[in-house]
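# Topology and contacts: notes
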Amino acid sequence: MPPDAEEEALREAVLRACDDVGLPRAYRAAVLQRLRTPRAEWPECCGEGCYPCTQTLSDAAERVEQLLGRAPADGA
């Protein structure tokens with residue numbers, strides 16, 4: 001897939017993932033950052049009621065991987 005097509009597919013997957021998990025699209029950059037971070041370094045929910053919850057960002061990042069057909073790689 002050409003780089004422009006890959007970038008467009010990623011953009012569309014992030015938007016859909018945000019919608020799928022109920023995360024406002026304004027947080028799409030945070031989802032992209034999560035995708036660039038090794039999974040082992042993704043923070044866990046602290047239980048303090050933060051918004052958005054870090055778990056929601058992780059859920060959206062995982063949904064992007066699903067939509068793009070990427071197998072999640074622990075620690076990748």
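Residues numbered from 1 in each chain as written. Predicted model: local features only at pLDDT ≥ 70, side-chain atom pairs only at ≥ 80, totals over all residues. Heavy atoms only, no water.

Once that is clear, we can look at the overall build of the protein chain. Counting secondary structure elements, the protein chain contains three helices and zero strands. Its C-alpha atoms give the protein chain a radius of gyration of 12 Å, near enough to 11 Å, the size a compact globule of 76 residues would have. Put simply, the protein chain has 76 residues, and 26% of those count as buried. Contacts in the protein chain between residues far apart in sequence, at least 24 positions, make up 62% of those at least 6 positions apart. Carbon and sulfur atoms make up 49% of the accessible area of the protein chain, which amounts to about 5000 Å² in all. In the protein chain, 9 positive and 14 negative side-chain charges are present, and the distance between their average locations comes to 4 Å. (Helix = DSSP H or I, 4+ residues; strand = E, 2+ residues; numbered from the N terminus. Rg over C-alpha atoms; globule rule 2.2 N^0.38 Å. Buried < 20%, exposed > 50% of the residue type's maximum accessible area, 1.4 Å probe, protein only. Contact = heavy atoms within 4.5 Å. Areas by Shrake-Rupley, 256 points an atom, 1.4 Å probe, with all protein chains shown as cover. Lys, Arg positive; Asp, Glu negative; His and termini not counted. Charge placed at Lys NZ, Arg CZ, Asp CG, Glu CD.)

Before going further, it helps to spend a moment on the packing of helix H2 (residues 28-36) against helix H3 (residues 54-67). Packing of H2 against H3 brings their axes to within 9 Å, and their N-to-C directions diverge by 70°. In terms of orientation, H2 and H3 fall into the roughly perpendicular class. Along its contact with H2, which presents Ala30, Val31, Arg34 and Leu35, the element H3 presents Thr54, Leu57, Ser58, Ala60, Ala61, Val64 and Glu65. Here the contact of H2 with H3 is built from residues that sort into seven nonpolar, two polar and two charged. (Axes fitted to C-alpha atoms, helices over the stretch in contact; angles between N-to-C directions. Parallel < 35°, antiparallel > 145°, perpendicular 65-115°, else oblique. Nonpolar A, V, L, I, M, F, W, Y, C, P; charged D, E, K, R; others polar.)

Let's shift gears to the packing of helix H1 (residues 3-21) against H2. Any two packed helices are characterised by how steeply their axes cross, that is the angle between the axes, and by the distance between the axes. Remark: H1 packs on H2, axes separated minimally by 10 Å, with the N-to-C direction vectors making an angle of 115°. One way to sum up the angle between H1 and H2 is to call them roughly perpendicular. Both H1 and H2 take part in a crossing whose hand is right-handed. Counted together, Leu10, Val14, Leu15 and Cys18 of H1 and Arg28, Val31, Leu32 and Leu35 of H2 form the full contact between these two elements. Here the contact of H1 with H2 is composed, by residue class, of seven nonpolar, no polar and one charged. (Left-handed = near helix turned anticlockwise from the far one by under 90°.)

The biggest cluster of nonpolar side chains holds twelve residues, and these are Leu10, Ala13, Val14, Ala17, Cys18, Leu23, Val31, Trp42, Leu57, Ala60, Ala61 and Val64. Secondary structure elements with two or more residues in this core: H1 and H3. Ranked by residue count, the leading element in this core is H1, at five residues. Ignoring any residue separated from it by four or fewer positions in sequence, one finds Ala17 in contact with Ala60, Arg63, Val64 and Leu67. (Core = buried A, V, L, I, M, F, W, Y, C linked by side-chain atoms within 4.5 Å.)

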